[in-house]
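If you want the building blocks of each chain, they are given just below.
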Amino acid sequence: MHFVSTRGNVGDAGFIQTFLMGLGNDGGLMVPHEVPLVNQDNLKEWEGLSFQELMLEIFGLFTNGEIPREDMKQLIDDSYASFRHPEVTPVRKLHDSLYVMELFHGPTFAFKDVALQLMGNLYAYVSRTRNEVIHILGATSGDTGASAISGVRGKEGIRICILHPHQRVSKVQELQMTTVQDENVLNLSVKGNFDDCQRIIKEMFSDLELKEKYHLRAINSINFVRILAQTVYYFYAYFRLQQEAPGKKISFSVPTGNFGDIFAGYLAKKMGLPIDKLIIATNENNILERFIREGVYKPGDFRSTYSPSMDIQIASNFERYLYYMCGEDAGAVRSWMAAFQAQGEIRISGDYLQKAQRDFAAYGVGGEECLSTISKYSAEYGYLLDPHTACGVAAYEAVGAAADGVCVALSTAHPAKFDEAIRLCDIEQEFPAEISSLFDKPQRQTVVEHSYEEVLKQVEHFLQ
């Protein structure tokens, strides 16, 4: 197993090298040179494994033995010891055709914890075993920042800087980042939207001299290891549903803005997991839905919504899908990305569009539809959805699973993180103690203009 860039100018990278590289040095995204196949015998062997045991087996297909198995097992066990549910990612039945997979039992109550607790420990492992300084740089639409900070705060040999869009994340998301007082953490609140933050981060990683000088490492889903960690819970859900709904086809409805979580499902399917439909659930920032329906990838007008973690117009993981859509033709990917840089859009048609429509269904959920879904499931099933999960459930209702199948909606956050939307549904919820306590803590953040030069100045001052 080695890893290559979607743009074809980085190849033969090992697992740890890929992890440390984050964004490919040619500006592309790293992917395995060959996706390992899981056969029916593997699925049979794995069906009774715990989440942690399953992760150990799946990572073992990708790590080339670069991390001894016992070390990897310890990293995994340590990473999920703080999760509030023994299954890590439990599956809950709402009705005969719909289940939710709760991905919010980690320390920051969001699905990002599943990957980022592991990545934080893996960075600490690399820093310790290789005696390397690790400087993590990331952008967040709300949840990634809190999860990444939680994973590395106070850890020796690691510093982390997170950019988030100023006043465009929920209050709880902001507090989870900015009430952290550890000296190895810097929060920059950027006067712009998430796409602006992400653009600055990608520009920094594209400056190879800067990247090398400051030992910059990626925590966003441009880092393949984050995708790989998220792939595990698709397998875990499949095995739970084999017990709950034996013989049924299994689909997934996935709230997504940056295409990372849904790409993890696509990777699982390429590995051989018997997934029926992969449903892309977006909000009004529905560039991904337009691509699947019309073959046009073009950012529209940015909208602030009740599901702010999906308020994204440029999905950084989308390039990985383009690579596989065109049969791993790096030249085609380079051409598309150059066109996107020059003209601001990518267009496909014919066989490519038909393939995309076979690979995914997609549905954009409006604001009122999101709120009405929260209200409906609270009233009818006694289950409170956060607004992102509500988009996933609404997309399931619109697109549907097969008549002989069931659908798993990925529940990406605890509703307490988005009480602004929940209150609009005339629902009062009780906050977990860990979230309630945030409101009494002092905040620490630096507000900056949307400017590469200004952000760079802050980052350099922090890292020197």
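As the structure is a prediction and not an experimental result, all values here were calculated from the model.

Draft legend 1. Here's a closer look at the sheet that holds strand 9 (residues 249-255). Taking strand neighbours across the sheet as the criterion, the six strands line up as 3-4-14-9-10-13 in an open arrangement whose pairing is mixed. Two strands close off the open sheet at either side, each with one partner strand: strand 3 (91-95) and strand 13 (361-364). Between one strand axis and the next, the sheet turns through 25° on average, direction left out of account. In this sheet, strand 10 (residues 275-282) lies alongside strand 9 in parallel orientation, the contact comprising five bridges. Looking across to strand 10, one finds that I250 is bridged to I275. In this fold helix 12 (residues 287-294) packs onto strand 10 and strand 13, with an angle of close to 135° to the strand it touches most, strand 13. Contacting strand 3, strand 4 (98-102), strand 9, strand 10, strand 13 and strand 14 (405-411), helix 17 (residues 387-399) crosses the sheet at an angle of about 125° to strand 10.

Draft legend 2. The arrangement of the nonpolar core in detail. Ranked by size, the top nonpolar core spans 115 residues in total, and within it Y234, F235, F252, F291 and Y321 carry the most contacts. Broken down by element, the residue count for this core peaks at 14 residues, all from helix 10 (residues 224-244).

Draft legend 3. The arrangement of the sheet that holds strand 15 (residues 446-449) in detail. With parallel pairing, the five strands of this open sheet are ordered in space as 8-5-6-7-15. Either end of the sheet is taken by a strand with one partner, and the two such strands are strand 8 (216-218) and strand 15. The average angle at which neighbouring strand axes cross in this sheet is 30°, direction not considered. Direction of pairing for strand 7 (residues 185-191) relative to strand 15: parallel, over a ladder of four bridges. For L188, the partnering residue across the bridge sits in strand 15 and is T446. Across the sheet, helix 6 (residues 143-152) lies against strand 5 (134-139), strand 6 (158-165) and strand 7, angled at about 165° from strand 6, the strand it touches most. The sheet strands contacting helix 20 (residues 452-463) are strand 5, strand 6, strand 7, strand 8 and strand 15, and the helix crosses strand 7 at an angle near 170°.

Draft legend 4. Quick look at unusual backbone geometry. Despite not being glycine, V88 has its phi angle at roughly 70°, a positive value. With respect to the element layout, V88 can be found in the loop between helix 4 (69-80) and strand 3. In this structure, F109 takes a positive phi of about 65° despite not being glycine. Considering the arrangement of structural elements, one finds F109 in the loop between strand 4 and helix 5 (112-130). Judged by its relative accessible area of 3%, F109 falls in the buried class.

Criteria and cut-off values
Residues numbered from 1 in each chain as written. Predicted model: local features only at pLDDT ≥ 70, side-chain atom pairs only at ≥ 80, totals over all residues. Heavy atoms only, no water. Pairing = 2+ DSSP bridges. Helix = DSSP H or I, 4+ residues; strand = E, 2+ residues; numbered from the N terminus. Axes fitted to C-alpha atoms, helices over the stretch in contact; angles between N-to-C directions. Contact = heavy atoms within 4.5 Å. Core = buried A, V, L, I, M, F, W, Y, C linked by side-chain atoms within 4.5 Å. Buried < 20%, exposed > 50% of the residue type's maximum accessible area, 1.4 Å probe, protein only.

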